[in-house]
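# Structural characterization, general
Here is what each chain is made of, one letter per residue.
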Amino acid sequence: MDRIRIVGGNRLNGTIPISGAKNATLPLMIASLLTAETLILENVPRLADVIQLQRILGNHGVDIMIEGKRPGDEPASGRTLHISAKNIVDTTAPYELVSTMRASFWVIAPLLARMGEAKVSMPGGCAIGTRPVDLLIMALEKLGAEIEIEGGYIIARAPNGLRGGEIIFPKVTVSGTHVALMAAVLAKGTTVIDNAAREPEIGDVADCLNKMGAKVTGIGTSQLVIEGVAKLNGTRHAVLPDRIETGTYAMAVAMTGGDVLLQNTRADLLQSALDVLVKTGTTVTPTNDGIRISRNGAALMPVDVTTAPYPEFPTDLQAQLMALMSLANGTSHITETIFENRFMHVQELARLGARIGLDGETATIEGVKRLRGAPVMATDLRASVSLVIAALAAEGETMVNRVYHLDRGFEKLEEKLSRCGAVIERISS
Ligand code: EPZ
């Protein structure tokens, strides 16, 4: 299994190109099941999760053609996928495929909407909490689906098609909103989704669906209104920038010091996180094509932060902020409200010398003067990258094990960081 070796202590200086968002790419690829015409997605990141979803869609009969790299392409410039779900040959998503990636469960919505039936294994995914699908099932039932659970599979049927309905989510759910939206676009009549998630990736999917001929309004608000249409067409759509990758590198620069331009991204996608960085004493300057992050000499100030649905501070940056605050000049508090078990990085950060206490959903981080390299590993994607950025600022060598988590969500991580002066290499075995 590959490992990543990091020798910490160097400041980061230079430019990091930001990739297309993983969490928009996955539902956009899934949305291709809604039409018999070709969906062309640009700025698709090269990630293990994307490759896995290609396999899952292939099992349903979807053809995916990947455009080659052109001479002069930046190492991170995304790929273009031509996705055709002309012939759906199978409406079952088996356990072997779905258990490795939670988002693949979402195929249930377009398969049901277009084919009138879907049989999808209950999902797996990162070890960050129980992550039920009750709200996704509730949403499909509100649109007229009949649901049965049998042998670990959810079987959804709508032999006469779905019909519009009112879906009120009792809590904000990204997965629930994606599923409700993808089901509603082909339902007969009007659907209203209340307390919808407002994450930018939902807006990106809704924009793409509208280009495909859907009628979605209220994008970016907590009420989405969808007028169902009989069929959708193909289109061309560029995936929006990855705000979590952006925030991760911003925190890396805040942690090591230095000056880096994060290119091809937008400050408005992660304003709450950038506001927190400013409070820590980091300089954040939005530019025409990205965000410049610098910290030169100033002490890191502690902050108190609570994760919450967009536009508040994202849970997907919680581990990275905790790494950063482990070097702050004082005590910080971070409260996690989205996932009940998302503190797996705490004991690994402690191996590097961080002082973190846990009390229920709140972590108290007492800043230390320095971290020291050590062997570490993590059990989820964002926790793994928090160890990478802590290692960049730690003295000596850190070996990060179980790198496959990083490959799920960070395109060319070592290359992007080493181009800015980090000592980081992959050791294949
Ligand atoms: C998405 O997960 C992201 N995944 C996650 O990113 C992200 O952490 C999360 O949203 C929150 O922003 C993708 O987009 C692929 P939810 P999702 O439905 O959709 C509860 C990463 O590292 N809930 O918004 O699964 C749930 O348990 C990943 O890239 C129910 O109770 O998150 C959680 O407490 C990790 N019942 C809360 O809602 C349900 O039926 C929010 O979950 C569904 C969810």
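Structure: see above.
Residues numbered from 1 in each chain as written. Predicted model: local features only at pLDDT ≥ 70, side-chain atom pairs only at ≥ 80, totals over all residues. Heavy atoms only, no water.

Taken together, 24 residues lie around the ligand, and Asp 134, Val 174, Ser 175, Asp 316 and Ile 338 are the ones closest in. Here an oxygen atom of the ligand sits 2.9 Å away from a polar atom, N or O, in the side chain of Lys 22. In this structure, an oxygen atom belonging to the ligand sits 3.1 Å away from a side-chain N or O atom of Arg 102. Protein coverage of the free-state accessible area of the ligand, which is 830 Å², stands at 92%. Secondary structure elements with two or more residues in the shell around the ligand: helix H1 (22-31), helix H5 (134-142), helix H6 (174-184) and helix H12 (381-393). When residues in the shell around the ligand are grouped by element, the largest group, three residues, is from H5. Across the shell around the ligand, the residue classes break down as 12 nonpolar, four polar and eight charged. (Near = heavy atom within 4 Å. Polar contact = N/O pair within 3.5 Å; in protein donor to acceptor, adjacent residues only side chain to side chain. Areas by Shrake-Rupley, 256 points an atom, 1.4 Å probe, with all protein chains shown as cover. Helix = DSSP H or I, 4+ residues; strand = E, 2+ residues; numbered from the N terminus. Nonpolar A, V, L, I, M, F, W, Y, C, P; charged D, E, K, R; others polar.)

Scanning the model with the defined rule gives 19 salt bridges in all. The closest approach of N and O atoms between Arg 292 and Asp 259, which form a salt bridge, is 2.5 Å. Of the two residues, Arg 292 sits in strand E17 (residues 290-295) while Asp 259 sits in strand E15 (residues 258-263), which places them 33 residues apart along the sequence. On the basis of relative accessible area, Arg 292 is assigned to the partly exposed category, the value being 40%. Asp 259 sits in the partly exposed class, given a relative accessible area of 22%. Linking Glu 366 and Arg 355 is a salt bridge whose minimum nitrogen-to-oxygen distance equals 3.4 Å. Taken as a pair, Glu 366 in strand E21 (residues 362-366) and Arg 355 in strand E20 (residues 355-359) lie far apart in primary sequence, 11 residues in all. On the accessibility criterion, Glu 366 (37% relative accessible area) is partly exposed. Several salt bridges share partner residues, and in doing so they unite Asp 2, Asp 407, Glu 414 and Arg 426 into one network. (Salt bridge = Lys/Arg side-chain N within 4 Å of Asp/Glu carboxyl O. Buried < 20%, exposed > 50% of the residue type's maximum accessible area, 1.4 Å probe, protein only.)

Turning next to the sheet that holds strand E1 (residues 3-7). The four strands are arranged E22-E23-E1-E24 in an open sheet whose pairing can be described as mixed. Each of the sheet's edge strands pairs with one partner strand only, and the pair in question is strand E22 (375-377) and strand E24 (423-427). Averaged over neighbouring strand pairs, the angle between their axes works out to 20° when direction is ignored. Two elements, E1 and E24, share five bridges in a ladder whose sense is antiparallel. Residue pairing in the sheet places Val 7 in a bridge with Val 423 of E24. (Pairing = 2+ DSSP bridges. Axes fitted to C-alpha atoms, helices over the stretch in contact; angles between N-to-C directions.)

Of note, Glu 199 is situated in the loop between strand E11 (190-194) and helix H7 (200-211). Despite its burial, Glu 199 remains without a salt bridge, the nearest opposite charge being carried by Arg 243 at 4.7 Å. In this view, Glu 199 contacts Val 174, Arg 243, Pro 309 and Tyr 310; residues no more than four positions away in its chain are not counted. (Lys, Arg positive; Asp, Glu negative; His and termini not counted. Contact = heavy atoms within 4.5 Å.)

This next bit is on the nonpolar core. Formed by 149 residues in total, the largest nonpolar core has its most connected members in Leu 209, Leu 321 and Leu 417. The biggest single contributor to this core is H12, with nine residues. The residues that make up this core include at least three from each of domain 1 (3-17 + 241-427) and domain 2 (26-231). Once residues lying within four places of it in the same chain are set aside, the contact partners of Leu 417 are Leu 12, Ile 16, Tyr 249, Val 388, Leu 392, Ala 422 and Ile 424. (Core = buried A, V, L, I, M, F, W, Y, C linked by side-chain atoms within 4.5 Å. Domains from an automatic or database assignment.)

The subject of this paragraph is the pairing of E1. Side-chain alternation along E1 places Ile 4 and Ile 6 on a buried face and Arg 3, Arg 5 and Val 7 on a face that remains uncovered. As judged from the four bridges shared by E1 and strand E23 (residues 397-401), these two strands associate in the antiparallel manner. For Arg 5, the partnering residue across the bridge sits in E23 and is Met 399.

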